[in-house]
Amino acid sequence: MTAWIVFRKELTDALRDRRTWIVVLVSSILAGPISLLLLSKFVASVEESVARREVFLAGGAAAPTLANFIQRAGGTVKEAPADFRELVRSGELQNAVVVVPPDFEARLGRGESIRLDVVFDDTSSRSQGPARATLGMLRAFSRELGSQRLLARGVGLQVLSPVDVEEINLAAGKSRGAQLLFLVPWLALLGAVVGAISVAIDVTAGERERGSLEPLLMNPVSTPAIVLGKWAVVAACSAAVVVLTLVGFRGAMVFIPSESLSALMQFGAAESVLFLAMLLPFAAMIAAVNMFAATYGRSHKEAQTYASYLTMLVNFAPVIPLFLSVRDAAWQLYVPAMAQQVVMMRALRGEAVGPADVLVPAAMAIGITMLALGAQARLLRNERIVFSR
Amino acid sequence: MIEVEHLAKHFEARVEGRRARVVAVEDIGFTALDGRITALLGPNGAGKTTTMRVVAGLVRADRGHARVGGVDVASDPHAVRAQLGMLSDARGLYARLTARENVRYYADLRQVPRADGDTRLAMIADLLDMGALLDRRIEGFSTGERMKVALARALIHDPQHLILDEPTNGLDVVSTRALRRLLQHLRAAGKCIVISTHIMQEVEQLADEIVIVAHGRTVARGTAGMIRATAGTATLEDAFVALAYPAHRERAA
C-alpha cells in the first residue's frame with residue numbers, strides 16, 4: 001500500500017520533469033534507429049565498393065589490354081585523378097590505384113615482364129576491401145598473360161598451376177559489419193543505465209537536497225516500502241528506455257531497406273523477446289544500484305559523480321571480452337553487463353542460446369537488486385544520511 | 001502531552017579535518033501540556049532542532065527519555081509518529097507537484113480517508129488564507145507560501161501533538177499573523193504544541209510556557225513572567241540574554 005502510494009507520487013513527479021522526457025526520447029531514438037542507420041550505411045558502402053570492383057588506373061590509356069581484361073572480369077575501369085596519391089593518403093579515395101607505365105603495351109608485345117605499382121592506404125577499414133579486390137584482379141591478369149604465353153609455346157595450363165586455389169571466405173560480406181555489431185546490445189545496455197540515472201538521483205539525492213527526506217520519514221510508514229515504491233519508478237523508467245530502444249531496433253530493421261543489414265544480424269521477434277528477457281532484470285538491477293549509489297550524494301551534483309562511475313563500469317564491462325579475445329567463457333555469465341552483452345551478441349549472430357544463458361544473468365541481476373534495496377532501506381535509517389545536507 | 005527528561009545526544013563530525021565528538025544536547029528536559037503552546041527558546045546551535053528530532057523518533061537519544069502522549073519514543077517510534085505532526089526547518093516540498101498534491105501524498109501515506117483529508121485541507125486553507133494556492137505547483141512559491149503548504153501537510157491527519165521548528169523563519173507580517181491565528185485555533189482545540197524559535201516577540205505573543213535552552217541544556221522554564229522574575233530583569237529579552245549567555249551579563253555588569 002505504502003509502496004504503491006510512493007510509486008504513484010514519484011511517477012507523477014518524474015513525468016513532470018522535462019529531464020526525464022529528454023533522456024528517454026533522445027537515448028532511445030539515438031540508440032535505436034540512428035545507430036542502425038549508420039551501421040547499415042557503413043556495411044552497404046563497404047559491400048558496394050567491393051561489388052562494383054572499380055579499378056583505378058593512373059595512365060590507363062597506355063594499357064588497353066589491361067582495361068579490356070578488367071572489363072571482361074566484371075570490373076569497371078576508372079582513370080585516377082592526377083593528385084591520386086594525396087587523395088588516397090587523405091582517405092578521400094578509398095580504392096587502390098594502379099600506376100601503369102607508358103611503355104606497357106610495348107613491353108607486353110615483346111613478352112617482357114611489366115612492373116605495376118599499386119597505391120593504397122589500408123589504415124581505413126573501408127579501403128581494405130577495394131584494395132584486395134584490385135590486387136586480386138591484377139594477379140588474375142598476370143595469370144592469364146602467363147598462361148597465354150605458355151600456350152603460345154605449346155605448354156599445357158596444368159604445368160603453370162598445379163594447384164588451383166579458389167578463395168571461399170565464409171565471413172565474406174558480413175565480417176566487416178560484424179566488428180561493429182557489438183554496438184547493438186551495448187547501446188541497449190546503455191539505454192537501461194541512462195534511463196535510470198536522472199530519476200534515481202531525483203528520488204534519493206534530490207530528496208535529501210530539497211530537505212524532503214526528513215518530513216517523509218516522519219510519516220508512520222516502513223522504510224523498505226518507501227524504497228520499494230521509489231525503486232519501482234526508477235526501474236520502470238529504465239525499462240521504458242530499454243523497450244523504446246528495442247522498438248527502435250525493430251523499426252530500423254523493417255524500415256531501413258538494406259539487405260546488408262539483415263544479412264548482418266538476426267533481429268526478429270524471437271530476438272526481441274530474448275533481448276527483453278536479458279535487459280529487464282538488468283534494468284531492475286541498474287535502478288537499484290544507481291539509487292543506492294545516489295543516496296550517498298547530498299546533492300544532484302554529488303550523486304551525478306557517483307552515478308558516472310557506475311555508468312563507466314557498465315560501459316566498460318561488455319567491451320572487455322573484445323580485448324581479451326575470449327569467446328563465451330562460462331564465467332562471463334556471472335558478470336552483470338558482460339553477461340547480457342555476450343548472450344545478446346550470440347543471438348544476433350544467430351547462434352544457439354540456452355536456458356542457462358538467460359537464467360544465470362537474470363538470477364545475478366535479481367540477487368544484486370535485492371541486496372541494493374535492502375542496503376538502501378538501512379541507509380535511510382542512518383542519521384548521517386537523513387540529516388546531513 | 002510531550003515529556004522530555006534529561007535528553008543527551010552527540011554526533012560524530014569532522015572538525016578541521018579531524019573526527020570529533022560534537023555534543024548537540026547535554027541535558028534538556030521539559031513538559032508540554034495539551035491545550036498549551038510551549039516555546040523552546042534558544043540561540044542557534046543550542047540543541048532545539050536535535051531535541052525535536054529525538055521527540056519525532058528520527059534520531060535516537062544517547063541518554064534520557066521522550067514520551068509523546070504517554071508513548072515512549074525509543075520503544076515505539078511508529079506509534080509516536082502516528083499522533084505527531086511536524087514542521088521541520090527544511091520545509092521539503094516537491095516543486096513539481098501542486099500544493100494539494102503535496103498534502104495529499106502525506107494524507108495517503110498516513111491513510112487519511114480522501115473525503116476527510118479534503119475537508120480538513122479546505123479548513124486549514126481557510127485559516128491560513130491559502131485557498132488560491134492549492135492547485136498551483138510549488139515551484140515559484142514564496143517562503144511564506146511554502147511554510148503554509150508544509151504546515152497544512154503536517155496537520156492533515158489532525159495530530160494531537162504538533163512540533164514546529166522555526167515556523168516564522170523568513171515570513172512576512174501577514175503570514176506570521178496567519179500562522180499565529182492557526183496556532184491559537186489549535187490550542188483552543190486542546191492540541192499540544194511545541195515551537196522552537198529565537199524570536200522574542202513571537203514567544204511573548206504566543207507561548208504559554210517558555211523553555212530556555214542554551215549549550216544543550218535547559219536553563220529556565222516557566223511563563224514569561226516567571227522567567228523575568230527569576231532573572232530579575234524588566235523584559236523577556238534581558239532575561240533571555242542573562243540566562244542563555246551568563247558570560248555576557250558578567251561583561252555587562
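Residues numbered from 1 in each chain as written. Chains lettered and ligands numbered in written order. Predicted model: local features only at pLDDT ≥ 70, side-chain atom pairs only at ≥ 80, totals over all residues. Heavy atoms only, no water.

The secondary structure content of chain B amounts to ten helices and ten strands. For 253 residues, the compact-globule formula gives about 18 Å, and the C-alpha radius of gyration of chain B, at 19 Å, lands near that figure. Dimensions along the principal axes, computed over C-alpha positions, put chain B at roughly 60 × 40 × 40 Å. When each of the 253 residues of chain B is scored for burial, the buried share is 52%. Put simply, of all contacts in chain B between residues at least 6 apart along the chain, 69% involve residues at least 24 apart. With an accessible surface of roughly 11100 Å², chain B has 49% of that area assigned to carbon and sulfur atoms. Here chain B holds 34 positive side-chain charges and 31 negative ones, and the gap between their average locations is 3 Å. (Helix = DSSP H or I, 4+ residues; strand = E, 2+ residues; numbered from the N terminus. Rg over C-alpha atoms; globule rule 2.2 N^0.38 Å. Buried < 20%, exposed > 50% of the residue type's maximum accessible area, 1.4 Å probe, protein only. Contact = heavy atoms within 4.5 Å. Areas by Shrake-Rupley, 256 points an atom, 1.4 Å probe, with all protein chains shown as cover. Lys, Arg positive; Asp, Glu negative; His and termini not counted. Charge placed at Lys NZ, Arg CZ, Asp CG, Glu CD.)

In this structure, Val184 and Phe282 of chain A together with Ile2 and Phe30 of chain B are the most contacted members of the largest nonpolar core, which totals 111 residues. Each residue touching Val184 of chain A, except ones within four places of it in the same chain, is listed here: Leu36, Leu39, Phe249, Met265, Phe275 and Leu348 of chain A. Grouped together as the second largest cluster of nonpolar side chains are 53 residues, Ile37, Val149, Leu206 and Ala244 of chain B included. (Core = buried A, V, L, I, M, F, W, Y, C linked by side-chain atoms within 4.5 Å.)

Summed over all chains, the structure comprises seven aromatic pairs over all chains. Pairwise contacts between aromatic rings join Phe69, Phe104 and Phe141 of chain A into one cluster. In this arrangement the basic side chain of Lys9 of chain A is found over the ring face of Tyr94 of chain B, its NZ or CZ atom lying 3.3 Å from the centre. It is Arg153 of chain B that lies over the ring of Tyr106 of chain B; its NZ or CZ is 4.2 Å from the centre. (Phe/Tyr/Trp six-rings, centres within 6.5 Å; stacked < 30°, edge-to-face > 60°. Lys NZ or Arg CZ within 6 Å of the ring centre and 35° of its normal.)

Attention shifts here to the interface of chain B and chain A. With 32 residues of chain B at the contact, the number on the chain A side is 30 residues. Taken together, both faces of the contact between chain B and chain A bury some 2900 Å²; the carbon and sulfur share is 55%. At the boundary of chain B with chain A, the tally comes to six salt bridges. A salt bridge links Asp13 of chain A to Arg96 of chain B; the nearest nitrogen and oxygen atoms lie 2.9 Å apart. (Buried area = accessible area lost by both parts, 1.4 Å probe. Salt bridge = Lys/Arg side-chain N within 4 Å of Asp/Glu carboxyl O.)

For a regular strand, the rule is simple: side chains alternate between the two faces of the sheet. All names here are of chain A. Strand β1 (residues 54-58) sits mainly inside the fold: five of its five residues count as buried. Relative to strand β2 (residues 76-79), β1 runs parallel, the two being bridged by four bridges. The residue of β2 that forms the bridge with Val55 is Val77. Of the crossover connections in this fold, the one passing from β1 over helix α3 (residues 64-72) to the parallel β2 is right-handed. (Pairing = 2+ DSSP bridges. Right-handed = clockwise from strand over helix to strand, strands pointing away.)

Turning next to helix α9 (residues 183-203) of chain A. All names here are of chain A. Taking 1.5 Å of rise per residue, 21 residues should cover 30 Å, and α9 covers 31 Å from first to last C-alpha, within 8% of that figure. Of all the bends in α9, the largest measures some 30° and sits at Ile197. Among the 21 residues in α9, 19 count as buried, and that is most of the element. (Expected span 1.5 Å × (residues − 1). Bend = angle between axes of the 7 residues up to and from the residue.)

Residue and element names in this part refer to chain B. Judged by how many residues are buried, strand β7 (residues 161-165) sits mostly within the fold: five of five residues are covered. The two faces of β7 match: His161, Ile163 and Asp165 on one face and Leu162 and Leu164 on the other face are all buried. Here strand β6 (residues 84-87) pairs with β7 via four bridges, running parallel. By the bridge assignment for β7, Leu87 is matched with Leu164. The pairing of β7 with strand β8 (residues 192-197) spans five bridges and is parallel. Bridge pairing in β8 links Ile163 to Val194.

Residues and elements named next belong to chain A. Taken together, the side chains of Leu15, Trp21, Ile22, Leu25, Val26, Ile29, Leu30, Ile34, Leu38 and Leu244 make up a nonpolar region of the molecular surface, amounting to roughly 900 Å² of accessible area. In terms of residue count, the dominant contributor to the nonpolar patch is helix α2 (residues 18-52) (eight residues). Along the chain, Ile22 turns up in helix α2. (Patch = residues over 30% accessible without salt bridge, like charges linked within 9 Å, V, L, I, M, F, W, Y side chains within 5 Å.)

This part is about unusual backbone geometry. For Ala337 of chain A, which is not a glycine, the phi torsion comes out positive at approximately 75°. Tracing the sequence through the fold places Ala337 of chain A in the loop between α16 (320-324) and α17 (338-348).

The subject of this paragraph is the environment of Gly170 of chain B. Residues and elements named next belong to chain B. Tracing the backbone shows Gly170 in the loop between β7 and α6 (173-188). The exposed category is assigned to Gly170, whose relative accessible area is 61%. Distance from Gly170 to Gly144, taken between C-alpha atoms, is 7.1 Å for residues 26 residues apart in sequence.

In this section: the packing of helix α1 (residues 2-15) of chain A against helix α3 (residues 99-109) of chain B. It is the contact of α1 of chain A with α3 of chain B, at a shortest axis distance of 9 Å, that shows an interaxial angle of 165°. In terms of orientation, α1 of chain A and α3 of chain B fall into the roughly antiparallel class. You can see that α1 of chain A and α3 of chain B cross each other, and the crossing is right-handed. Residues Thr2, Ile5, Val6, Arg8 and Lys9 of chain A of α1 of chain A lie in contact with α3 of chain B, whose contacting residues are Tyr105, Asp108 and Leu109 of chain B. (Axes fitted to C-alpha atoms, helices over the stretch in contact; angles between N-to-C directions. Parallel < 35°, antiparallel > 145°, perpendicular 65-115°, else oblique. Left-handed = near helix turned anticlockwise from the far one by under 90°.)

All names here are of chain B. For the structure on display, the rule yields 36 salt bridges over all chains. The partner of Asp158 in a salt bridge is Lys191, with the nearest N and O atoms 2.9 Å apart. Here the residue Asp158 occupies a position in the loop between α5 (143-155) and β7, and Lys191 occupies one in the loop between α6 and β8, the gap between them amounting to 33 residues.

Residues and elements named next belong to chain B. Where helix α4 (residues 114-128) meets α6, the closest approach of the two axes is 8 Å, and the angle between their N-to-C directions is 130°. Considered as vectors, α4 and α6 are oriented oblique to each other. Judged by residue contacts, Met123, Leu127 and Leu128 of α4 engage Ala178, Leu179, Arg181, Leu182 and His185 from α6.

What follows is about the confidence of the model for chain A. All names here are of chain A. On average, residues of chain A score 83 in pLDDT, and 87% of them reach the 70 mark or higher. In the model of chain A, helix α8 (residues 174-180) stands out as the element of lowest mean pLDDT, 58, in contrast to helix α18 (residues 355-379), which has the highest, 93. With pLDDT under 50 throughout, residues 169-175 is counted as low confidence; its partners more than four residues away or in other chains account for five contacts. (pLDDT = per-residue confidence, 0-100.)

Turning to the sheet that holds strand β4 (residues 117-119) of chain A, a few remarks are in order. Residues and elements named next belong to chain A. Taken together, four strands build an open sheet; the order of strands is β2-β1-β3-β4 and the sheet is mixed. Looking at which strands have only one partner, the edges of the open sheet turn out to be β2 and β4. Direction aside, the axes of adjacent strands within the sheet are offset by 35° on average. The pairing of strand β3 (residues 97-99) with β4 spans three bridges and is antiparallel. Its bridge partner lying in β4, Val98 is registered against Val118.

Before going further, it helps to examine α5 of chain B. A rise of 1.5 Å per residue sets the reference length of α5 of chain B, with its 13 residues, at 18 Å; its end C-alpha atoms lie 18 Å apart and thus fit the reference within 8%. Summarising burial for α5 of chain B: ten of the 13 residues are buried, a large majority. Each element contacted by the buried residues of α5 of chain B is listed here: α11 (213-217) of chain A together with β6, α3, α4, β7 and α6 of chain B.

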